[in-house]
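Descriptive analysis of the structure
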Amino acid sequence: MRLSLRPASESDAGRIAEIYAFYVETTTVSFEYAPPSSEEMLSRIRRIRGRFPFLVGEADGKTVAYAYADEAFSRTAYRWCAELSVYVDPAFRHRGVGKKLTGCVEEICRRLGYRKLYALITGENAASLAFHRAAGYADCARFSEQGYKFGRWLDVYWLEKTLNGKEVAASFPRKFPEFDGGELEAVLAEHGGEV
């Protein structure tokens, strides 16, 4: 299967909401109780892509996954940190789709000037914990019984990956819309391909 990567567009909101709904309704991967509507997802896409990469992965013309970085904390001193989220259509899991999208978001964030990328993962999500650890994320903390869903209390693991050295503090990270078009196309092409 050939995977192509591109920035999410407003027309992707419905499909992205559909992929995410599975995780909200049937898993503890997301701590939301109700899936967001297409309109709500459109609002999230617009907000996130004003500053961070929000990407989709397509196979045979169909969006099969999406990934994005977002603000980890609101205070100015945290400006060099971001949080990663990746969601893959269940029919396309375990094929390397998430790995391709994760690598692409990481590389874009590195080039934009972010120092740390975080992943917050539900304790029950052993597959995601293993995936992120294999991708170079280190455990920072485990927060005991932080969320309550499906009648049980859930732990949350906080993992981090260092993308750049301390020298990035010389300037704030660039916003995603400022990313050079040619450079972006090269990164997307490099991380897409056969899965």
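A brief look at the structure comes next. (Residues numbered from 1 in each chain as written. Predicted model: local features only at pLDDT ≥ 70, side-chain atom pairs only at ≥ 80, totals over all residues. Heavy atoms only, no water.)

1. Points about the nonpolar core
Short version of the rule: For this analysis, a nonpolar core means a set of buried residues of the types Ala, Val, Leu, Ile, Met, Phe, Trp, Tyr and Cys, connected via side-chain atoms within 4.5 Å. Exposure categories follow from relative accessible area, calculated using a 1.4 Å probe and restricted to protein chains: below 20% of the type maximum is buried, above 50% is exposed, and the middle band is partly exposed. By definition in these notes, contact holds between two residues if any of their heavy atoms fall within 4.5 Å.
Grouped together as the largest cluster of nonpolar side chains are 50 residues, with contacts concentrated most on Ile 16, Met 41, Phe 54, Tyr 66, Ile 108 and Leu 117. Beyond its immediate sequence surroundings of up to four residues, Tyr 66 is in contact with Ile 16, Ile 19, Tyr 20, Met 41, Phe 54, Leu 55, Val 56, Ser 85, Val 86, Tyr 87 and Leu 101.

2. Points about the layout of surface pockets
One way to see where empty space is left: roll a probe the size of a water molecule over the atoms. Worth spelling out the cut-off: Think of a 1 Å grid over just the protein atoms. A cavity is a set of points where a 1.4 Å probe fits yet cannot get out, a pocket is an open set with protein on both sides within 12 Å along at least five of seven lines, and lining residues have an atom within 4 Å of a point. Grid points are joined across faces, edges and corners, and a volume is the space filled by probe spheres set on the points. Helix numbering and strand numbering both begin at the N terminus, where a helix is a DSSP run of H or I of at least 4 residues and a strand a DSSP run of E of at least 2.
Roughly 1,100 Å³ of internal volume is contained in the largest pocket. Taken together, 41 residues line the largest pocket, and the ones lying closest to its centre are Val 29, Ser 85, Val 86, Tyr 87 and Ser 128. Within the residue set of the lining of the largest pocket, elements represented by two or more residues are α1 (13-26), α2 (38-49), β3 (62-71), β4 (81-88), α3 (97-112), β5 (116-122) and α4 (126-134). Looking at which element gives the most residues to the lining of the largest pocket, the answer is β4, with six residues.

3. Regarding the sheet that holds strand β7 (residues 152-162)
Two pairing modes exist for strands in a sheet, parallel and antiparallel, and in both the strands are linked by backbone hydrogen bonds. Our working rule: Strand pairing requires that DSSP identify at least two bridges connecting the strands. Every angle, taken between N-to-C directions, lies between 0 and 180 degrees, and every axis is a line fitted to C-alpha atoms, over only the stretch in contact when it is a helix.
With respect to topology, eight strands assemble into an open sheet ordered β6-β7-β5-β4-β3-β2-β1-β8, the strand pairing being mixed. Each of the sheet's edge strands pairs with one partner strand only, and the pair in question is β6 (138-149) and β8 (193-194). Contacting β2 (54-59), β3, β4 and β6, α1 crosses the sheet at an angle of about 80 degrees to β3.

4. Focus: the pairing of β6
In the sheet, β6 pairs with β7 via eight bridges, with the strands oriented antiparallel. Paired with Arg 142 across the two strands is Tyr 157, which belongs to β7. The turn linking β6 back onto β7 is made up of two residues, and Phe 150 within it adopts a positive phi angle of 55 degrees.

5. Describing the pattern of salt bridges
Defined as follows: Each reported salt bridge corresponds to a side-chain nitrogen of Lys or Arg within 4 Å of a carboxyl oxygen of Asp or Glu.
For the structure on display, the rule yields 19 salt bridges. For Lys 116, the salt bridge goes to Glu 160, with nearest N and O atoms at 3.2 Å. On the criterion of sequence distance, the pair formed by Lys 116 in strand β5 and Glu 160 in strand β7 is long-range, its members being 44 residues apart. A relative accessible area of 16% means that Lys 116 is categorised as buried. Taking relative accessible area as the criterion, Glu 160 reaches 22% and is therefore assigned partly exposed. One salt bridge connects Asp 155 with Arg 142, and the closest N-O pair in it is separated by 2.8 Å. Taken together, the residues Asp 155 in strand β7 and Arg 142 in strand β6 connect sequence positions 13 residues apart. Residue classification places Asp 155 among the partly exposed residues on the basis of a relative accessible area of 23%. The network of salt bridges with common partners includes Glu 107, Arg 110, Arg 111, Arg 174 and Glu 183.

6. Considering the pairing of β2
Summarising burial for β2: six of the six residues are buried, a large majority. What you see with β2 is no split at all: Phe 54, Val 56 and Glu 58 on one side and Leu 55, Gly 57 and Ala 59 on the other are buried throughout. Where strand β1 (residues 2-7) meets β2, four bridges bridge the pair, whose relative direction is antiparallel. Across the sheet, residue Arg 6 finds its bridge partner in β2, namely Val 56. Pairing of β2 with β3, which is carried by six bridges, proceeds in the antiparallel orientation. Directly across from Leu 55, in β3, lies its bridge partner Ala 67. Where β2 folds back on β3, the antiparallel hairpin that results is connected by two residues, among which Asp 60 adopts a positive phi of roughly 55 degrees.

7. Considering the environment of Leu 154
Mapped onto the elements of the fold, Leu 154 is located in strand β7. If near-sequence neighbours (up to four positions away) are discounted, Leu 154 is found in contact with Thr 28, Phe 31, Thr 122, Glu 124, Glu 145, Gln 146, Gly 147 and Lys 149.

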